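Residue-level structure breakdown
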Amino acid sequence: MRRAVGKNALVAIALLVALFGARPSFAEGVDLHAAKDVLDGFRLVEAWRIDEARVIAERLLKKKPDDAMTLALVGEVKMHLGDYAGAVQAFRQARRNGAPEAALGSEEAAEAARVATQDYVEHISDSFIIRHPPGKDAVLVPFAVETLEAAMDRIGGLLGWRPKSRIIVDIYPTAATLAAVSSLTKEDIENSGTIALCRWNRLMVTTPRAVVFGYSWRDTVAHELAHLIIGGASRNTVPIWLHEGIAKFSETAWRGEPGLGITVEQQERLRDAAKKKQLIPFAKMHPSMAKLPTQEATSLAFSEVFTFIEFLVERKGWEGMRRTLSLMSGGMSDAEAIEEVHGKSLAKLERIWKKTLPKRPIKSDKTGRPVKGDQKIVLKDRAETPDDKLHGLSKKGRRFARAADLLFARGRVAAAQRELEKAFEATQSPLISAKLAMVALNNGDLERAEKAARAAMEGTADLAGPNVTLAEVFVRAGNPAEARLPLARAIDVNPFDPRIHQLTIAIESGEGGDPEKLAHARLALAYYEGGQPAVPTLGQGGLIEVEGTPFSRVFVRRGNQEIATGLVTPTPPIALSPGAYELVLVPPTGPVKTQSIEVLDAPSDGTAQEILTTATGS
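Being a predicted model, the structure only gives us computed values, none of them experimental. Each residue is numbered by its place in its chain's sequence as written, counting from 1. Two thresholds apply to this predicted model, a pLDDT of at least 70 for residue-level local features and 80 or more for giving and counting side-chain atom pairs, whereas whole-chain, interface and lining totals are computed over all residues. Excluding hydrogens and water, the side-chain values take into account all heavy atoms of the structure.

1. Re the overall build of the chain
Put simply, DSSP H or I for four residues or longer makes a helix, DSSP E for two residues or longer makes a strand, and each gets a number counted from the N terminus. From N to C terminus, the chain includes 24 helices and 13 strands. Only protein chains enter the calculation, and the probe is 1.4 Å; a residue is then buried if its accessible area is under 20% of its type maximum, exposed if over 50%, and partly exposed in between. Looking at the chain as a whole, 55% of its 618 residues are labelled buried. Whether two residues touch is decided by their heavy atoms; if any such pair falls within 4.5 Å, the residues are in contact. Long-range contacts, defined here as pairs at least 24 residues apart, represent 65% of the contacts in the chain between residues at least 6 apart. Accessible area for the chain stands at about 26900 Å²; split by element, carbon and sulfur atoms hold 51% of it. Accessible areas in this description were obtained via Shrake-Rupley with a 1.4 Å probe; residue shielding takes into account the shown protein chains only.

Structure, rendered in structure tokens:
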């Protein structure tokens, strides 16, 4: 439960020492009102209430801009708003001004994030800032925005809370990058299949290009956003099992109904584990699902908490879940809040739930998506490495597939199709079926191509290829409208296949087409056919510091180029070429603001030109 700070000096200093480990000498002469604000600010950060912590930091910046603890809080807020360079600078200044080490605990993480993302480009939406390395990952942006804005609306509605400020979404080129900027190791990621996190008020996501065959990345980003909403709604008091259960159960709400997030295969394994009394206790899921020893254990754990949340929602609805989070926000434990809402102890509810599992009906996705298979996450060292199309095949399957490839390369398409027919009959492999579908399509055998594509999709949900093949079958058969659903499924898993966007252009260019989808497809295709655009740079020679509405993201625009600095106001010095620019400020909430500026040559003493913005809405 959150403690209030009294007016008594000894109480205020005791809390300061307890929170930061400060020596008594540090506490001498403390401004008790400022100390209370700093304490409240750090507590709000800990409670995932960054918008409220930001307001306190803004107030302290105006009153005591050089105070060590003010700077430490500003560093923490900047870190949680995605300004990693600004956070590092604030932490270092705070240390120089006397802040204790315990107040600078995020400095190392801020520096790791700064190094990893310093050249990233940024895209702004109403509620999000999507950041990624220059290049192909720009293909993800419109689909990420569509997913996240829908998830914010629907999951936020289910749980009764939404953040006010724009949320950072960092897309990383490899799982190794995710490990470098988080508390996970590469081994944790490989063992558990964890390739996305929610931490420091940002969503941290590995590009599907870094996973063989891709993965359900759109459900994954919605899942991570659900974590952020759960943390804010509960003031970060929810244990990991409940966190993951709510997030997993609600992750599909962006595209339809919650409760579609586990496959038939996962449900069957859960039923088997329940019968054999081999369920993973909730307590063993702490401190993170990513620390479980295998992907199979992680999958089972997610199935358990998913079905327990399903059980609770069936009893008391989402109103019951909102009340549970509200009670926990007010200081109750998970067991106390659940008992208050459900009228039974958590232990008794667990016993009832476990008894339902052996007879729980196996449910399939009502949206028509295939849900039988359960694709294992296989990481690539480099996102640019082509997928191993034979990955996961048996020796027999590989032998058939290679023979078919040789026949296909020699123009003997019908013979290649016959070879793959034999291969599928021998292996029943979804990958062989996906390959068969493509070869049959090239052979003009639309009926066999459709049948093989559907068989591949039923065998493994997370394969983009057979969805694209099925879409092309529909287009060739004169049924372009039917191609939209399999194309959407392919985008959900791996939108980096150029055929997706070629087919989308063919479908949406006609009468009744969707202009927004058409624009997205043309932009995506440009990365494959026209090369990648040059990355704009800020240059050197001038030096500016920008002040104004606190914690606004800073961009500079020159001509038709808009360049992200990665910083928020007030900024450390920014190097760029002298000349005329338009300064673009994106506040945490509200409209974008612009202001024309002239950048001068930096003087010989290295001081920065100060720019106090009076920007107007654009």
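2. So, the nonpolar core
Core analysis: the largest hydrophobic core is formed by 157 residues, its most contacted members being Leu 159, Leu 203, Trp 241, Met 285 and Phe 308. Here this core takes 15 residues from helix α14 (residues 295-329), the largest share from any one element. Non-local contacts of Met 285, meaning those with residues more than four positions away in its chain, are made with Ile 240, Trp 241, Ile 280, Ala 301, Glu 304 and Val 305. Counting 14 residues, the second largest nonpolar core, distinct from the first, contains Val 546, Ile 563, Leu 567 and Ile 611. Take the buried residues of types Ala, Val, Leu, Ile, Met, Phe, Trp, Tyr and Cys, join any two whose side-chain atoms come within 4.5 Å, and each joined set is a nonpolar core.

3. Remarks on helix α24 (residues 515-529)
Compared with an ideal rise of 1.5 Å per residue, which puts 15 residues at 21 Å, α24 spans 21 Å between its outermost C-alpha atoms and is within 8% of the ideal. Leu 518, Ala 521, Ala 524, Leu 525 and Tyr 527 are the residues of α24 that are buried. Where α24 is buried, its residues meet α23 (498-508). Think of a polar contact as two N or O atoms within 3.5 Å of one another; within protein, one of them needs to be a possible hydrogen donor and the other a possible acceptor, and neighboring residues in sequence only count if both atoms come from side chains. With a side-chain oxygen positioned 2.9 Å from the backbone nitrogen of Glu 516, the residue opening α24 is Asp 514. Multiplying one less than the number of residues by 1.5 Å gives the expected span of a helix.

4. Looking at the sheet that holds strand β2 (residues 128-132)
Any two strands with at least two DSSP bridges between them are considered paired. The sheet built from 5 strands is open, its strands ordered β1-β2-β3-β5-β4 with mixed pairing. In the strand order of this sheet, the two ends are held by β1 (121-124) and β4 (196-199), each with one partner. Strand-to-strand twist across the sheet, computed as the mean angle between neighbouring axes with direction ignored, equals 20 degrees. Two strands pair when backbone bridges link them, and β4 and strand β5 (residues 202-206) are joined in this way by 4 bridges, in the antiparallel orientation. Counterpart to Cys 198 in the pairing with β5 is Leu 203. To get an axis, fit a line to the C-alpha atoms, keeping to the stretch in contact for a helix; angles then go from 0 to 180 degrees between the N-to-C directions.

5. Notes on the packing of helix α21 (residues 465-476) against helix α22 (residues 484-493)
Close contact between α21 and α22 brings their axes to 8 Å; oriented N to C, the two are set at 160 degrees. Relative to α22, the element α21 lies roughly antiparallel. Viewed along their axes, α21 and α22 form a crossing whose handedness is left-handed. Only Pro 486, Leu 487, Arg 489 and Ala 490 of α22 make contact with α21, whose side of the interface consists of Asn 467, Val 468, Leu 470, Ala 471 and Phe 474. Three categories are distinguished: nonpolar for Ala, Val, Leu, Ile, Met, Phe, Trp, Tyr, Cys and Pro, charged for Asp, Glu, Lys and Arg, and polar for the others, with Gly belonging to the last. Partitioning the contact of α21 with α22 into residue classes produces 7 nonpolar, 1 polar and 1 charged. Angle categories are assigned with fixed cut-offs, so that under 35 degrees is roughly parallel, over 145 is roughly antiparallel, 65 to 115 is roughly perpendicular, and the rest are oblique. Crossing handedness is defined as follows: a turn of the near helix away from the far one that is anticlockwise and smaller than a right angle gives a left-handed crossing, while the clockwise case is right-handed.

6. A closer look at the sheet that holds strand β9 (residues 574-576)
Strand order in the open sheet formed by 3 strands is β9-β6-β12, with mixed pairing between adjacent strands. Of all strands in the sheet, those bounded by a partner on one side alone are β9 and β12 (609-612). On average, each strand axis in the sheet is inclined to that of its neighbour by 35 degrees, with strand direction left out of account. Pairing of strand β6 (residues 542-547) with β12 involves 4 bridges; the strand directions are parallel. The residue of β12 that forms the bridge with Glu 547 is Leu 612.

7. Some words on the packing of aromatic side chains
Pairing of aromatic side chains here covers Phe, Tyr and the six-membered ring of Trp, requires ring centres within 6.5 Å, and sorts the geometry by plane angle: under 30 degrees stacked, over 60 edge-to-face, intermediate tilted. One pass over the full model with this rule turns up 8 aromatic pairs. Relative to Phe 308, the ring of Phe 282 has its centre 5.5 Å away and its plane inclined at 65 degrees; by these criteria the two rings are edge-to-face. One end of the pair, Phe 282, is in the loop between α13 (264-275) and α14; the other, Phe 308, is in helix α14, and 26 residues separate them in sequence. Note on Phe 282: relative accessible area 8%, which makes it buried. Relative accessible area serves as the criterion here: at 0%, Phe 308 is assigned to the buried category. Among the aromatic side chains, those forming a connected cluster through ring pairs are Trp 241, Phe 282, Phe 308, Phe 311 and Trp 353.

8. Let's talk about helix α4 (residues 50-63)
With 14 residues, α4 extends 20 Å from end C-alpha to end C-alpha; this agrees with the ideal 20 Å at 1.5 Å per step. Taken residue by residue, α4 has Ile 50, Asp 51, Ala 53, Arg 54, Ile 56, Ala 57, Glu 58, Leu 60 and Leu 61 as its buried positions.

9. Observations regarding the packing of helix α8 (residues 141-159) against α14
One way to put it is that α8 packs onto α14 with a least axis distance of 7 Å and a crossing angle of 75 degrees. On the basis of the axis angle, α8 is roughly perpendicular to α14. Here Gly 157, Leu 158 and Leu 159 of α8 come into contact with α14, specifically with Trp 318, Met 321, Arg 322 and Leu 325.

10. Quick look at the pattern of salt bridges
Just to be clear on terms, a salt bridge is a Lys or Arg side-chain nitrogen sitting within 4 Å of an Asp or Glu carboxyl oxygen. Counted according to the given criterion, the structure contains 39 salt bridges. Glu 190 is the salt-bridge partner of Lys 186, the closest N and O atoms lying 2.7 Å from each other. Within this pair, Lys 186 and its partner Glu 190 are both found in helix α10 (residues 186-192), separated by 4 residues, close to a single helical turn. For Lys 186, a relative accessible area of 27% gives the class partly exposed. A salt bridge links Lys 363 to Glu 314; its shortest N-O distance comes to 3.6 Å. A residue pair is termed long-range when its members are at least 10 positions apart, and Lys 363 in the loop between α16 (346-356) and α17 (395-409) and Glu 314 in helix α14 qualify at 49 residues. We classify Lys 363 as partly exposed; its relative accessible area is 35%. Overall, the relative accessible area of 57% leaves Glu 314 in the exposed class.

11. Some words on the side chain of Thr 571
Relative to the helices and strands, Thr 571 resides in the loop between β8 (561-568) and β9. Given the relative accessible area of 8%, Thr 571 is considered buried. Looking at Thr 571, its side chain comes within polar contact range of the main-chain nitrogen of Val 546, at 2.9 Å. Excluding residues within four positions of it along the chain, Thr 571 makes contact with Lys 78, Ile 544, Glu 545, Val 546 and Val 554.

12. A closer look at the environment of Ile 229
One can find Ile 229 in helix α11 (residues 217-234). What makes Ile 229 buried here is its relative accessible area of 0%. Taking C-alpha positions, Ile 229 is 7.9 Å from Ile 155, a pair spaced 74 residues apart along the chain. What Ile 229 contacts, discounting residues up to four positions off in sequence, is Met 152, Ile 155, Gly 156, Leu 159, Trp 161 and Pro 163.

Worth remembering: the numbers are spatial, not functional.
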